[in-house]
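Structural features, examined
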Amino acid sequence: NAGVMQNPRHLVRRRGQEARLRCSPMKGHSHVYWYRQLPEEGLKFMVYLQKENIIDESGMPKERFSAEFPKEGPSILRIQQVVRGDSAAYFCASSPTGQLSGANVLTFGAGSRLTVL
Amino acid sequence: AQKVTQAQTEISVVEKEDVTLDCVYETRDTTYYLFWYKQPPSGELVFLIRRNSFDEQNEISGRYSWNFQKSTSSFNFTITASQVVDSAVYFCALRNQGAQKLVFGQGTRLTINP
């Protein structure tokens, strides 16, 4: 009964490289959320996806960031041409239905910590 | 607009002391949900409690208790007889009914010294 699985747990990239972070939701969950935690700050919403659909990406930076949740496989958060300011912990959360359906509690993964050199 | 304020950036107490973490929120909605999460040094986020805006009963779970007061828009968290294992960053969060996003406070870093 695995929880939300994120990998890699730690990722180091040089400026200009690409970072790919993966998230497998809990079994039976079809809704995925990505949050970013900058150093010494709280978590900030980035994007909400269902299978094959981006529902709300209002928290995503306009450039270099993209997310997908394909029919098969994990959700991917992709950051192109990383810069030092992208260094953060990226958390994925999942829920069985959309939060619109009620007071769903998000189950978070352990996070992926990106360090950009 | 939604906002969560955790004014205490860091708290340090000696083991067995009681400690209260403050959380003040802002929202225009009448139906909303409040949450507390714990982030231990290992980094994961652990759900502690959810409260909806219609339920102002205080809640106690072992050494943990929560005081929800709509009149002051506060949802404070008290740990009684603190233990070293309680050392973590604690986040308060808010979600309006119908909204997709959780809005988090900045977090309070709690250190329990032996």
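Scroll up to find the structure this text is about.
Report follows, based on the coordinates. (Residues numbered from 1 in each chain as written. Chains lettered and ligands numbered in written order. Predicted model: local features only at pLDDT ≥ 70, side-chain atom pairs only at ≥ 80, totals over all residues. Heavy atoms only, no water.)

**Let's talk about the state of the cysteines**
Should the sulfur atoms of two cysteines be covalently bonded, the bond is a disulfide. Residues and elements named next belong to chain A. We apply this condition: The disulfide criterion is simple: two cysteine sulfur atoms within 2.5 Å. Each helix is a run of DSSP H or I of at least 4 residues and each strand a run of E of at least 2, with the numbering of both proceeding from the N terminus.
Taken as a whole and assessed by the stated rule, the structure comprises 2 disulfides over all chains. The residue that forms a disulfide with C23 is C92, at a sulfur-sulfur distance of 1.8 Å. Where C23 bonds to C92 through sulfur, the torsion about that S-S bond is close to -60°, and the disulfide is left-handed. One end of the pair, C23, is in strand β3 (residues 19-24); the other, C92, is in strand β9 (residues 88-95), with 69 residues separating them in the sequence.

**Re the interface of chain B and chain A**
This is how the line gets drawn: In this description, contact between two residues means that some pair of their heavy atoms is separated by no more than 4.5 Å. Accessible area, probed at 1.4 Å, shrinks when two parts are joined; the buried area is that loss added up over both. Every case where a carboxyl oxygen of Asp or Glu lies within 4 Å of a side-chain nitrogen of Lys or Arg is listed as a salt bridge.
At the junction of the two partners, chain B supplies 21 residues and chain A supplies 25 residues. For the pair chain B and chain A, the summed buried area comes to about 1,900 Å², and 52% of that belongs to carbon and sulfur atoms. Broken down residue by residue, the surface that chain B buries against chain A is led by L45, Q100 and K101 of chain B, which jointly contribute 31%. Applying the counting criterion to the chain B and chain A interface returns 1 salt bridge.

**Things to note about the nonpolar core**
Residue and element names in this part refer to chain B. Here is the rule we go by: The criterion is simple. A nonpolar core is a set of buried Ala, Val, Leu, Ile, Met, Phe, Trp, Tyr and Cys residues joined through side-chain atoms within 4.5 Å. Only protein chains enter the accessibility calculation, which uses a 1.4 Å probe. A residue is then buried if its area is under 20% of the maximum for its type, exposed if over 50%, and partly exposed in between.
Counting 23 residues, the largest nonpolar core has W36, F77 and Y90 as the members making the most contacts within it. The set of elements that each furnish at least two residues to this core consists of β2 (10-14), β3 (19-21), β5 (32-39), β8 (64-69), β9 (74-79), β10 (88-96) and β12 (108-113). When residues in this core are grouped by element, the largest group, 4 residues, is from β10. Those residues in contact with Y90 that sit more than four places away from it in its chain are Q6, L21, W36, Y37, K38, L48, Y64, F77, I79, G107, T108 and L110.

**Quick look at the side chain of H29 of chain A**
Residues and elements named next belong to chain A. For H29, the position within the fold is in the loop between β3 and β4 (31-37). Residue classification places H29 among the buried residues on the basis of a relative accessible area of 14%. H29 has contacts with S94, S95, P96 and T107, leaving out every residue within four places of it along the chain.

**A look at the packing of aromatic side chains**
Residues and elements named next belong to chain B. Keep this limit in mind: For Phe, Tyr and Trp, where Trp contributes only its six-membered ring, two rings pair if their centres lie within 6.5 Å, and the inter-plane angle classes them as stacked under 30 degrees, edge-to-face over 60, or tilted in between.
This model, assessed by the stated rule, comprises 18 aromatic pairs over all chains. For the ring pair W36 and F77, a centre distance of 5.3 Å and an interplane angle of 50° mean the geometry is tilted. Of this pair, W36 sits in strand β5 while F77 sits in strand β9, and the two are 41 residues apart along the sequence. On the accessibility criterion, W36 (0% relative accessible area) is buried. On the basis of relative accessible area, F77 is assigned to the buried category, the value being 0%. Taking 5.8 Å as the distance between ring centres and 80° as the angle between the ring planes, the aromatic pair formed by F68 and F75 counts as edge-to-face.

**Comments concerning the pairing of strand β5 (residues 43-50) of chain A**
Residue and element names in this part refer to chain A. So the rule is basically this: Two strands are said to pair when DSSP picks up at least two bridges between them.
Of all 8 residues making up β5, 6 are buried, and the element is well covered by its neighbours. The pairing of β4 with β5 spans 7 bridges and is classified as antiparallel. Across the sheet, the residue bridging to W34 is V47, located in β5. Counting the residues that bridge the hairpin from β4 to β5 gives 5 residues, and of these E40 lies at a positive phi of roughly 60°. Strand direction decides the pairing type here: β5 and strand β6 (residues 53-56), joined by 3 bridges, are antiparallel. Note that in β6 the partner of L49 across the bridge is I54. Counting the residues that bridge the hairpin from β5 to β6 gives 2 residues, and of these E52 lies at a positive phi of roughly 65°.

**Comments concerning the environment of P114 of chain B**
Residues and elements named next belong to chain B. Summarising the element assignment, P114 is placed in the segment after β12. Residue P114 is classed as exposed on the basis of its relative accessible area, which comes to 81%. As for P114 and S82, which are separated by 32 residues in sequence, their C-alpha atoms are 9.9 Å apart. Not counting the four nearest positions on each side in its chain, P114 is found in contact with V14, E15 and V84.

**A short note on the sheet that holds strand β1 (residues 5-7) of chain A**
Think of a sheet as strands paired side by side through backbone hydrogen bonds, with each pair either parallel or antiparallel. Residues and elements named next belong to chain A. Here is the rule: Only the contacting stretch of a helix is used when fitting its axis, a line to C-alpha atoms as for every element, and angles between N-to-C directions run 0 to 180 degrees.
Taken in spatial order, the 4 strands line up as β1-β3-β8-β7 in an open sheet, and their pairing is antiparallel. With partners counted over all chains shown, the strands left at the sheet margins are β1 and β7 (65-68), one partner each. Across the sheet, the mean angle from the axis of one strand to that of its neighbour is 15°, orientation sign disregarded. The sheet contact formed by β3 and strand β8 (residues 75-79) spans 5 bridges and is antiparallel. Counterpart to L21 in the pairing with β8 is L77.

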